[in-house]
Amino acid sequence: MVRRKREKKRRPPFGMPKGIVLLATPEGWRHSVLTVEGGMLCGRLADVPVATAPDEAQAAAATMVMGLAHDVHGVHVDVTWDPPREPGAWTAQVTLASTSPNAFGQTTR
């Protein structure tokens with residue numbers, strides 16, 4: 001009798017994003033990406049100068065999260081920024097896009 005080796009499913013290195021916190025600091029733009037699984041990825045927005053306008057920093061953070069979701073999880077997400085509650089801090093909600101292309105270039109709902 002031959003036994004087959006059981007393959008473990010590898011978890012993605014980055015959890016599914018559900019929110020973003022963006023902070024303007026004297027050293028530059030900082031972000032925290034919150035995941036559905038309860039994790040958090042924190043860092044600085046690369047290639048975004050300190051003097052960048054908030055809307056441009058938000059666009060850079062959204063692009064980064066959309067790229068991670070696509071590259072790691074194979075999904076398209078939407079990022080919706082909440083109204084600011086305090087100066088220098090913004091939050092966003094990340095949701096699955098209503099339609100996304102499948103492997104054949106068609107859209108699914």
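It should be noted that the structure appears before, not after, this text.
Figured I'd write up the structure that's included with this text. Because the structure is a prediction, the values reported are computed rather than measured. (Residues numbered from 1 in each chain as written. Predicted model: local features only at pLDDT ≥ 70, side-chain atom pairs only at ≥ 80, totals over all residues. Heavy atoms only, no water.)

## Some thoughts on the pairing of strand E1 (residues 17–25)
Reasoning step 1: In this structure, E1 lies alongside strand E2 (residues 28–35), joined through eight bridges in antiparallel fashion. Looking across to E2, one finds that Leu23 is bridged to Arg30.
Reasoning step 2: Connecting E1 to the antiparallel partner E2 that follows it, the hairpin turn spans two residues.
Reasoning step 3: Here E1 runs beside strand E5 (residues 89–96); their pairing, made up of five bridges, is antiparallel. Bridging from a neighbouring strand, Leu23 pairs with Ala89 of E5. (Pairing = 2+ DSSP bridges. Helix = DSSP H or I, 4+ residues; strand = E, 2+ residues; numbered from the N terminus.)

## Concerning the sheet that holds E5
The strands that make up a sheet are held in pairs by hydrogen bonds between backbone atoms, and each pair lies either parallel or antiparallel.
Reasoning step 1: Within the open sheet, the five strands sit side by side as E3-E2-E1-E5-E4. Their pairing is antiparallel. Either end of the sheet is taken by a strand with one partner, and the two such strands are strand E3 (40–44) and strand E4 (77–81). Neighbour to neighbour, the strand axes of the sheet diverge by 20° on average, direction disregarded. (Axes fitted to C-alpha atoms, helices over the stretch in contact; angles between N-to-C directions.)

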